[in-house]
Amino acid sequence: MTSLPSQSTVGLYYGSSNGVTQHAAGLIADALKSLTGLTLQPQDIRKANLSRLPEHQVLLLGCSTWDIGELQYDWEDQLEAFQALDLTGVQVGFFGCGDQYGYPETFQDALGILAAAAQASGAALIGKVSTAGYDFGASRAVQNNLFVDLPLDEDNQPELTPERVQRWVAQVVHEAQLPLLTETR
Ligand SMILES: Cc1cc2nc3c(=O)[nH]c(=O)nc-3n(C[C@H](O)[C@H](O)[C@H](O)COP(=O)(O)O)c2cc1C
């Protein structure tokens, strides 16, 4: 029998202007709870104390892309503090909300910016996703033909979100080697 990881093993943070990424964070928390038993309260990055982020072994960080390729505004405000963190040994999975038809040349760009910052701070990225099933021209979030995040598009493909979230959370749980609820019973 494996013991449950503590609640603080995983941190879940989001930046969201219209609530879309906030909603996605809630779906991710629900999926994580059903798979691992962990109960996470998604934290708004606007109010977060960034210095606490490295206390988590796994960070799930959400952001939307605004202003044609820019970070969501609360993330913009926190970027300097985020870049100053030492994330050595922390596994980071990004999730993003964007609009691939409206902004096809900058789809999910914010996640590329954040992922580069996390990697420069020593983080190991988890939860990379195939570009199959998306229709866009260019994205800073694509590295070696994979998205560095879970790209969600509630503007054009909302019907795909629940399955994408389920699949991604299972992938992240596997990659971070978080014990499944069935293993802890
Ligand atoms: C003015 C404006 C600019 C945007 N720029 C981008 C962009 O460059 N890339 C992208 O993928 N989505 C872009 N979007 C789409 C938003 O990221 C998308 O609507 C998202 O779901 C908003 O999430 P939020 O409510 O969590 O902030 C833009 C939307 C607006 C209104």
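Residues numbered from 1 in each chain as written. Predicted model: local features only at pLDDT ≥ 70, side-chain atom pairs only at ≥ 80, totals over all residues. Heavy atoms only, no water.

S.K.: Mind laying out unusual backbone geometry, listing which residues take part and the relevant values?
M.R.: For N144, which is not glycine, the phi dihedral falls at a positive 50°. Take N144: it is sitting in the loop between β8 (142-143) and β9 (146-147). The phi torsion at Q177 lies on the positive side, around 55°, for a residue other than glycine. (Helix = DSSP H or I, 4+ residues; strand = E, 2+ residues; numbered from the N terminus.)

S.K.: Break down the site of the ligand for me, with residues and values.
M.R.: Around the ligand, a shell composed of 20 residues is seen, among which S16, T21, S64, T65 and T106 lie nearest. In this structure, an oxygen atom belonging to the ligand sits 2.6 Å away from a side-chain N or O atom of T21. D99 has a polar backbone atom sitting 3.2 Å from an oxygen atom of the ligand. In isolation the ligand exposes 650 Å². Once the protein is present, 86% of that is buried. Elements with a minimum of two residues in the shell around the ligand: α1 (20-36) and β3 (58-66). At three residues, the largest contribution of residues to the shell around the ligand is made by β3. (Near = heavy atom within 4 Å. Polar contact = N/O pair within 3.5 Å; in protein donor to acceptor, adjacent residues only side chain to side chain. Areas by Shrake-Rupley, 256 points an atom, 1.4 Å probe, with all protein chains shown as cover.)

S.K.: Let's hear about the packing of helix α2 (residues 73-83) against helix α3 (residues 109-120): which residues, and what values?
M.R.: As a packed pair, α2 and α3 sit with axes 10 Å apart at the nearest point and diverge in direction by 15°. The angle between α2 and α3 falls in the class roughly parallel. α3 is crossed by α2, and the crossing has left-handed handedness. On α3, the residues touching W75, L79, F82 and Q83 of α2 are L114, A117 and A118. Its residues assigned to classes, the contact of α2 with α3 shows six nonpolar, one polar and no charged. (Axes fitted to C-alpha atoms, helices over the stretch in contact; angles between N-to-C directions. Parallel < 35°, antiparallel > 145°, perpendicular 65-115°, else oblique. Left-handed = near helix turned anticlockwise from the far one by under 90°. Contact = heavy atoms within 4.5 Å. Nonpolar A, V, L, I, M, F, W, Y, C, P; charged D, E, K, R; others polar.)

S.K.: Please provide a residue-by-residue account of the nonpolar core, values included.
M.R.: Ranked by size, the top nonpolar core spans 57 residues in total, and within it L60, L61, F82, F94, F95 and W168 carry the most contacts. Beyond its immediate stretch of four places on either side in the chain, L60 contacts V10, G11, L12, Y13, I28, L32, G93, F95, W168 and V172. (Core = buried A, V, L, I, M, F, W, Y, C linked by side-chain atoms within 4.5 Å. Buried < 20%, exposed > 50% of the residue type's maximum accessible area, 1.4 Å probe, protein only.)

S.K.: Run through the sheet that holds β9, naming residues and quoting values.
M.R.: Two pairing modes exist for strands in a sheet, parallel and antiparallel, and in both the strands are linked by backbone hydrogen bonds. Spatially, three strands are ordered β7-β9-β8 in an open sheet, and the strand pairing comes out antiparallel. Two strands bound the open sheet, and with one partner strand each, they are β7 (129-130) and β8. In terms of strand pairing, β7 meets β9 through two bridges, oriented antiparallel. Note on β9: the bridge partner recorded for V129 is F147. (Pairing = 2+ DSSP bridges.)

S.K.: Give me the pairing of β3: which residues, what numbers.
M.R.: Taken across its nine residues, β3 has eight buried, putting it largely inside the fold. Looking at chain direction, strand β1 (residues 10-14) and β3 are connected through five bridges and run parallel. Bridged to Y13 within β3 is L61. Here β3 runs beside strand β5 (residues 91-97); their pairing, made up of seven bridges, is parallel. Across the sheet, residue G62 finds its bridge partner in β5, namely F95. Here β3 pairs with strand β4 (residues 70-71) via two bridges, running antiparallel. What sits directly across from W66, in β4, is E70.

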